[in-house]
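Listed here are the chains, written in short residue letters.
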Amino acid sequence: MPHSLSTPDVTTPGGLLLVLAVLVPFVGVLAGMVLGGRGARRVALATLAAGLAIAIAIADTLVRSGAAVVYLLGGWTPPLGVALRADGLAVIMLLAVAVVIGGIGVYARADFGTPPGVREARAPFVFWTLLLAVWGSLNLVFVSGDLFTLYVALELLTFAGVPLVSLGGQPETLRSALRYLLYALFGSVLYLLGAVLLYGAYGTLDIGLLAARVHPEPVTWAAAALMTVGLLAKTALFPLHLWLPPAHAGAPAAASAVLSGLVIKGSWFLAVRLWLDVFVGVVTLPSAQTLAALGAAAILVGNIVALRQARLKLLIAYSTVAQIGYLFLMFPLAAGLAAAQLDDAAAVNGGLLQAISHATAKAAMFMAAGLVYTTLGHDRIADLRGVARALPMTLVAFALGGASLIGLPPSGGFLAKWLLVSAAITTAQWWWALVMLVGGLLTSAYVFIVVVRALAPAPEGWTPKASVPCYQQVAVLALALCSFLLGLAVLCPVDVAGIGRAVVPGIGSP
Amino acid sequence: MTTSLLLIAAVGVPFALLLACIVPAIRERMPPLLALAPIPALAAALFADDTPLVLGNAQYALSFVLDEPGRMLLLVAAILWSAAGAYAATGLRGATHAGGFVVCWLMTLTGCIGVFLAADLVGFYFLLAVLSVGASGLVLQGGTAEALRASAVYLGLALIAEAFLLAGLVLLALATPDGSLLIRDAAAAIPTSPWRDLTLVLLIVGLGMKAGLVPLHFWMPLAYGVAPIPAAAVMSGAVVKASALALIRFLPLDVALPDFGLPLAAIGLFGAFYGVVIGITQSRPKIVLAYSSVSQMGFLVAVIGMGLAAGDAGAARVASFYAAHHLLVKGALFLAAGVVATTGGRQLWLMLLPAAILALGIGGLPLTGGALAKLAVKPVLEDGLVELLAALSAIGTTLLMLHFLRCLAASASPDSAAAAPWGTALPWMLMFVAALVVPWMLYSATGIGTWSDALQPGILWAASWPLLIGAGLALGLWRWGRYLPRAPEGDIVVVSQPAMRVVVRWGDALEGVEGVLRRWPVAGLSLLMLILILGGAMFFDGH
Amino acid sequence: MNTPTLFGLCAVALVGVGLYGLIVNPQPLRKILAFNLIGSGVFLLFGAIARRGAAVGMGGDPVPQALLITGIVVAFSATALAVALVLRLFDEAGSVTLAPDAPAEPPDA
């Protein structure tokens with residue numbers, strides 16, 4: 001298959017922005033560490049604003065030039081040097097992450113303030129520095145063009161994510177953090193093994209060069225299988241999800257939002273990158289079907305188990321298990337479209353939209369659950385009475401986020417579903433469409449249960465345990481609205497995700 | 001230009017009011033505006049022409065258009081929404097927590113008008129979802145545990161139906177040439193679609209569920225039974241017509257497809273009788289009306305089915321006319337049920353007599369809109385067996401409506417001095433007049449027939465004899481009715497309760513398996529197994 | 001059998017032993033050690049590949065060696081983080097297990 005992926009030998013205009021996108025968060029981490037205490041929060045919030053501006057600038061450069069943004073570190077070309085490269089997929093993820101992290105930052109301002117009279121408190125300091133570290137590593141995952149750099153980025157992501165789980169410091173959360181860390185390490189060492197095999201066979205780890213060099217043979221298959229499964233373990237695709245529910249449900253709300261909305265997308269993105277851009281000619285339709293079958297199992301099991309949870313945060317965590325499943329349905333659809341010599345944009349855009357709408361919706365839902373917890377002092381679903389009165393905006397946000405997960409129009413979830421179902425029918429794989437539709441129904445059941453319980457009037461004389469600042473509610477609602485209105489992306493005149501990606505020549509988009 | 005403004009206002013005004021509800025102070029003052037919110041829709045139905053309104057760019061655009069079926073239904077729906085809004089405002093006076101009701105009401109109204117006007121697949125699906133969510137919220141306003149259950153059943157079925165619809169719509173979009181998303185183009189492309197049969201089945205199942213086709217009708221008695229009176233009125237009148245209208249628009253009625261039309265007609269006619277049989281065992285007026293809706297919607301679907309079977313494009317017009325009549329009458333009767341329950345003694349007959357006229361009108365009482373509706377659909381049903389069944393259904397309807405009137409009279413307030421407040425009695429009277437007059441107007445204005453044709457003695461007689469037989473049967477029912485077995489409200493869903501226990505047990509088992517998979521050694525082994533499976537999948541296929 | 005192959009086989013053995021330990025051993029500390037075993041196996045393999053791919057006249061391909069050092073640093077930090085977590089868990093709970101029946105509920109504090 002012809003490929004236009006090989007990295008050009010030059011740094012494109014605006015390429016330096018990629019370096020900034022990665023560097024600025026890490027500079028923030030260092031500055032936060034030096035300043036400590038209240039300084040960490042101030043630095044973090046300033047960095048969030050700067051990072052959003054950088055992401056917008058990168059997107060602007062990409063759309064204007066209509067080609068991938070590239071930066072060669074030190075001017076050395078691969079295979080000796082390392083290239084940073086942002087195509088449409090990467091830029092969209094950069095932008096989405098910047099927005100979600102911004103929303104989470106605004107929300108966490110209230111929860112992770114250093115109390116007056118104390119010079120430095122542990123949890124706020126750790127949270128703000130790690131938030132920036134997560135962000136920097138995610139950006140590195142998106143723009144990196146080298147499998148080893150990606151390994152380091154993924155490890156950084158895990159190291160930043162694990163302490164977020166155990167911010168509370170209780171034994172349960174420490175235990176879930178340790179489980180998370182060990183299982184993620186298991187995954188990453190497999191990934192590294194795969195990368196090593198690839199180097200041994202082809203003498204490079206640069207994505208563009210590998211894409212041109214790999215050909216189907218046992219060592220490539222072994223490497224692909226090892227790397228993919230390693231990434232699946234980090235993404236927590238069913239049945240490799242043992243660490244996810246306790247870790248995501250036990251963390252503080254803002255941290256859960258980061259972990260559930262963003263961190264798992266890092267390894268997923270890399271899997272997409274590998275399957276779509278590196279191993280196109282190597283992976284086969286049955287292997288893609290295997291991934292999607294796991295996704296389908298995740299959707300069914302995750303949703304049903306979510307329905308049976310008694311705690312709101314565990315319910316949302318299991319909902320993440322299910323939503324991860326949707327992310328893997330795109331693989332056989334993209335493979336099927338490519339095999340039929342058709343544009344795979346429907347499948348790729350569908351998967352990407354699903355990822356972004358889940359990132360925004362799930363962050364909003366976890367943060368909404370956090371506000372509910374603060375207000376009620378618990379998150380038992382059976383006893384959510386009074387939430388509608390105390391937190392009307394938050395409940396609306398939860399419902400909108402839920403609507404996006406269900407896939408009601410005009411949400412991003414709907415557009416994603418529409419694209420994926422179309423791709424499933426075009427490639428005659430209608431069973432995946434069936435799974436998506438059934439999954440939507442199961443999702444609607446638990447969203448309905450939560451909303452209805454929260455709508456129940458509070459008992460006489462009930463007062464909220466604590467009141468939450470208005471801007472926290474606004475931040476949650478804003479993220480939920482992002483997710484709910486993401487479907488309007490259909491009005492976007494250019495196929496941004498397709499910029500700089502490999503295109504099968506001769507066949508345009510419909 | 002005017003048309004665009006009218007269409008924008010029709011959908012935009014209720015939507016703007018809905019958005020304004022974000023401000024609590026406005027939300028509390030909203031009830032009096034409920035009666036005015038549908039006025040722009042009424043104006044659009046009367047004055048707009050059929051120029052489409054397109055919002056968006058070349059990539060994707062929302063389009064709205066006022067076609068003939070849409071215009072008929074929009075006109076009568078706007079009248080009903082307005083009257084029911086006035087009724088609701090009276091009920092909400094002095095209520096402390098009107099906010100939830102108002103929000104759901106406006107959401108349902110926006111969705112309802114929007115669906116009547118939507119001309120593209122995505123806009124239609126979106127507005128239908130708005131409609132379903134809003135309507136389930138209205139059911140929830142009953143506030144009881146039954147209301148919660150009914151709301152859950154309603155929303156669940158609506159979403160299942162929409163899942164079928166989504167699949168159908170995607171198939172439609174894929175089969176439509178030039179990437180057009182217009183409903184008109186999509187319907188025209190169905191006969192040549194490579195997925196023709198599947199598309200039709202998905203659309204018919206999805207829309208049939210929402211239209212209350214037996215055996216997926218059980219949400220109707222549950223929902224209408226618990227919803228507040230004005231909500232039940234608009235749901236049984238206007239909301240449920242959205243699916244009938246969608247059937248009319250989506251099915252390619254100008255191509256004869258007897259393989260689909262005849263089964264559809266058979267299911268519809270079965271529902272028409274099933275509703276009567278279960279309805280006469282009920283005693284609450286709202287429930288009897290709900291089963292009458294099951295019956296009438298079944299009949300309407302049968303008309304559409306016969307039209308599809310014969311490839312009769314004219315069926316669209318008469319089916320819409322039938323739907324418009326039912327919309328007015330059923331909405332009016334639900335309001336009557338509310339008014340009568342608060343009226344007693346001498347004023348009662350004032351309220352009961354109009355109700356009797358409308359109720360018998362559904363059975364085809366001469367000179368009423370019902371007789372016109374039956375007359376209008378007659379050409380579509382011209383087939384020996386179907387014609388006979390249609391006549392039998394008229395007899396059954398008369399029987400059911402007489403039973404309803406008896407239940408209605410029994411539900412009157414025991415306080416002989418009780419009188420319904422004007423704020424509720426007036427909307428009911430308005431609906432009564434509209435239900436009598438508007439069908440005649442529509443009948444001649446749409447060119448279905450002329451008044452003089454409709455007033456011929458032979459036709460009057462043809463409409464009368466089923467009434468007489470129905471009345472005779474009703475007498476029998478009152479004499480021996482107590483020997484009938486009693487069906488629970490929402491028959492099937494109640495009977496299927498034990499099935500739920502099996503589902504719960506499966507859920508337990510699944511949760512157990514999930515727990516095992518989350519153990520570390522199991523998860524570790526799964527990881528290794530997956531490597532082998534994935535590698536194997538590439539290896540064996542790659543060779 | 002030449003030297004790279006021998007080292008490769010050693011690497012495979014290390015990875016195998018490590019995998020066994022990581023999956024079967026219930027104690028976190030042993031799991032950490034097992035992870036390090038797998039890691040060492042992978043690094044050894046990488047070294048063997050570097051030797052095999054060396055150009056004429058060079059002791060080895062320099063790129064894998066550079067990457068190896070980074071990899072070792074990453075593995076070291078991972079180990080440090082894991083050990084820190086284990087120590088903290090021991091301080092808080094008085095024992096360190098990842099027992100499968102460990103409560104999966106979020107803390108209700």
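Note that this is a predicted model, so its numbers are computed, not measured. (Residues numbered from 1 in each chain as written. Chains lettered and ligands numbered in written order. Predicted model: local features only at pLDDT ≥ 70, side-chain atom pairs only at ≥ 80, totals over all residues.)

*Asks:* What am I meant to see in the overall build of chain A here?
*Replies:* Counting secondary structure elements, chain A contains 19 helices and two strands. For a compact globule of 510 residues, the expected C-alpha radius of gyration is about 24 Å, and chain A comes in at 22 Å, within 12% of that figure. Once the C-alpha set of chain A is aligned to its principal axes, its extents read approximately 70 × 55 × 40 Å. Buried positions account for 69% of the 510 residues belonging to chain A. Residue pairs in contact within chain A that sit at least 24 positions apart in sequence constitute 81% of those at least 6 positions apart. (Helix = DSSP H or I, 4+ residues; strand = E, 2+ residues; numbered from the N terminus. Rg over C-alpha atoms; globule rule 2.2 N^0.38 Å. Buried ≥ 20, exposed ≤ 12 C-beta atoms within 10 Å, placed from the backbone. Contact = placed C-beta atoms within 7 Å.)

*Asks:* I tried to follow the overall build of chain C on my own but got confused; where do I start?
*Replies:* Secondary structure assignment for chain C yields three helices and zero strands. Each helix and strand of chain C, placed in order from N terminus to C terminus, yields the pattern α-α-α. Of all 109 residues assigned to chain C, the portion counted as buried reaches 36%. Nonlocal contacts in chain C, meaning residues at least 24 apart in sequence, comprise 49% of its contacts between residues at least 6 apart.

*Asks:* I tried to follow the domain arrangement of chain A on my own but got confused; where do I start?
*Replies:* Interface size is commonly expressed as the accessible area that is lost once the parts come together. Residue and element names in this part refer to chain A. Taken domain by domain, chain A holds domain 1 (1-283) and domain 2 (285-504). Taking only C-alpha atoms into account, the centre of domain 1 sits 21 Å from that of domain 2. Every contact between the two is made by 45 residues of domain 1 and, on the other side, 54 residues of domain 2. Among the elements of the structure, α2 (37-65), α3 (88-111), α9 (244-250) and α10 (253-278) are those that each provide at least two residues to the side of domain 1 that touches domain 2. Ranked by residue count, the leading element in the side of domain 1 that touches domain 2 is α10, at 14 residues. Taken together, the residues that form the side of domain 1 that touches domain 2 break down as 31 nonpolar, 11 polar and three charged. (Domains from an automatic or database assignment. Nonpolar A, V, L, I, M, F, W, Y, C, P; charged D, E, K, R; others polar.)

*Asks:* Please explain the interface of chain B and chain C as it appears in this structure.
*Replies:* Contacts between the two partners involve five residues from chain B, matched on the other side by five residues from chain C. Of the residues belonging to the side of chain B that touches chain C, the class tally is three nonpolar, one polar and one charged.

*Asks:* Please clarify how the environment of Gly413(A) should be interpreted in this entry.
*Replies:* Residue and element names in this part refer to chain A. By secondary structure assignment, the location of Gly-413 is in helix α17 (residues 412-426). Gly-413 sits in the buried class, given 31 other C-beta atoms within 10 Å. Once the C-alpha coordinates of Gly-413 and Ala-364 are considered, the two residues, 49 residues apart in sequence, prove to be 14 Å apart. Those residues in contact with Gly-413 that sit more than four places away from it in its chain are Gln-354, Ser-357, Ser-404, Leu-405, Ile-406 and Gly-407.

*Asks:* I tried to follow the interface of chain A and chain B on my own but got confused; where do I start?
*Replies:* Each side of the interface is counted separately: chain A has 44 residues, and chain B has 40 residues. Residue assignment for the side of chain A that touches chain B shows that the elements contributing at least two residues are α8 (218-235), α11 (285-307), α17 and α18 (430-455) of chain A. For the side of chain A that touches chain B, the element with the highest residue contribution is α8(A), accounting for 10 residues. Tallied by class, residues from the side of chain A that touches chain B come to 35 nonpolar, eight polar and one charged.

*Asks:* Would you take a moment to explain the environment of Lys286(B) for this structure?
*Replies:* All names here are of chain B. Tracing the backbone shows Lys-286 in helix α14 (residues 285-310). Sequence separation between Lys-286 and Pro-421 is 135 residues; the distance between their C-alpha atoms is 20 Å. In this structure Lys-286 touches Tyr-224, Gly-225, Ala-232 and Ala-337, once residues within four positions along its chain are discounted.

*Asks:* Which parts of the structure should I look at to understand helix α17 (residues 369-377) of chain B?
*Replies:* An α-helical turn contains 3.6 residues, so a residue and the one three or four places further along point in the same direction. The element α17(B) is extensively covered by neighbouring structure, given that nine of its nine residues are classed as buried. If you check which residues of α17(B) are buried, you get Gly369(B), Gly370(B), Ala371(B), Leu372(B), Ala373(B), Lys374(B), Leu375(B), Ala376(B) and Val377(B).

*Asks:* I would appreciate a short explanation of α3(A) in the present structure.
*Replies:* Over its 24 residues, α3(A) runs 35 Å from end to end, which matches the ideal 34 Å to within 8%, given 1.5 Å per residue. When you tally the buried positions in α3(A), you get 21 out of 24 residues, the bulk of the element. (Expected span 1.5 Å × (residues − 1).)

*Asks:* Teacher, can you tell me more about the packing of α17(B) against helix α19 (residues 422-445) of chain B here?
*Replies:* Each packed pair of helices is defined by two parameters, the angle between the axes and the distance between the axes. Where α17(B) meets α19(B), the axes come as close as 8 Å, and the angle between the chain directions of the two elements is 35°. Residues Gly369(B), Leu372(B) and Ala373(B) of α17(B) touch α19(B), and the partners they reach there are Ala435(B), Leu436(B), Pro439(B), Trp440(B) and Tyr443(B). (Axes fitted to C-alpha atoms, helices over the stretch in contact; angles between N-to-C directions.)

*Asks:* Honestly, the environment of Thr463(A) in this entry has me stumped. Any pointers?
*Replies:* Here Thr463(A) shows up in the loop between α18 and α19 (470-485). Sequence separation between Thr463(A) and Ser404(A) is 59 residues, and the spatial gap between their C-alpha atoms is 31 Å.

*Asks:* Honestly, the nonpolar core in this entry has me stumped. Any pointers?
*Replies:* Where a protein is soluble and globular, its nonpolar side chains tend to be buried together. One finds Ile58(A), Leu80(B), Val303(B) and Leu335(B) to be the most contacted residues of the largest nonpolar core, which totals 489 residues. For Leu80(B), the contacting residues outside a window of four places in its chain are Ala233(B), Val234(B), Gly237(B), Ala238(B), Leu327(B), Leu328(B), Gly331(B) and Met431(B). (Core = buried A, V, L, I, M, F, W, Y, C linked by C-beta atoms within 7 Å.)

*Asks:* I keep staring at the packing of helix α6 (residues 171-202) of chain A against helix α3 (residues 62-93) of chain C and nothing clicks. Help me out?
*Replies:* Relative to each other, α6(A) and α3(C) sit at 165°, their axes nearing to 9 Å. Taken together, the axes of α6(A) and α3(C) are roughly antiparallel relative to one another. Pair α6(A) / α3(C) crosses with left-handed handedness. Contacts from Pro171(A), Leu174(A), Arg175(A), Ala177(A), Leu178(A), Leu181(A), Leu182(A), Leu185(A), Leu192(A) and Tyr199(A) of α6(A) reach α3(C) at Pro64(C), Gly71(C), Ala78(C), Leu81(C), Ala82(C), Leu85(C), Val86(C), Arg88(C), Leu89(C), Glu92(C) and Ala93(C). A class-by-class count of the residues in the contact of α6(A) with α3(C) yields 17 nonpolar, one polar and three charged. (Parallel < 35°, antiparallel > 145°, perpendicular 65-115°, else oblique. Left-handed = near helix turned anticlockwise from the far one by under 90°.)

*Asks:* Explanation requested: unusual backbone geometry in the structure shown.
*Replies:* Outside of glycine, negative phi angles account for most residues, and trans bonds account for most peptide bonds. Following Pro409(A), the chain continues into Pro410(A) via a peptide bond in cis, with omega recorded as 0°. By the element assignment, Pro410(A) lies in the loop between α16 (392-406) and α17. Along the chain, Val214(B) connects to Pro215(B) via a cis peptide bond; the corresponding omega equals 10°. One can find Pro215(B) in the loop between α9 (196-211) and α10 (219-226). Located in the positive-phi region is Ala428(A), a residue other than glycine, with phi close to 55°. Examined against the element boundaries, Ala428(A) turns out to sit in the loop between α17 and α18.

*Asks:* How should the confidence of the model for chain C be read in this particular structure?
*Replies:* Should the pLDDT be low somewhere, the predicted coordinates at that spot are not to be read in detail. Within chain C, residue pLDDT values average 81, and 83% of them lie at 70 or more. In this model, residues 100-109 of chain C is a region of pLDDT below 50 whose contacts with residues beyond four sequence positions or in other chains number 20 contacts. (pLDDT = per-residue confidence, 0-100.)

*Asks:* Can you help me understand the confidence of the model for chain A in this one?
*Replies:* Residue and element names in this part refer to chain A. Mean pLDDT over chain A: 86, with 96% of residues reaching 70 or higher. Averaged pLDDT values over the elements of chain A bottom out at 82 in helix α15 (residues 387-390) and peak at 93 in helix α12 (residues 312-327). Considering only residues more than four positions removed or in separate chains, one finds that residues 1-7, a stretch of pLDDT under 50, has 22 contacts. Segment residues 503-510 is flagged for pLDDT under 50; beyond a separation of four residues in sequence, or across chains, it makes 11 contacts in the model.

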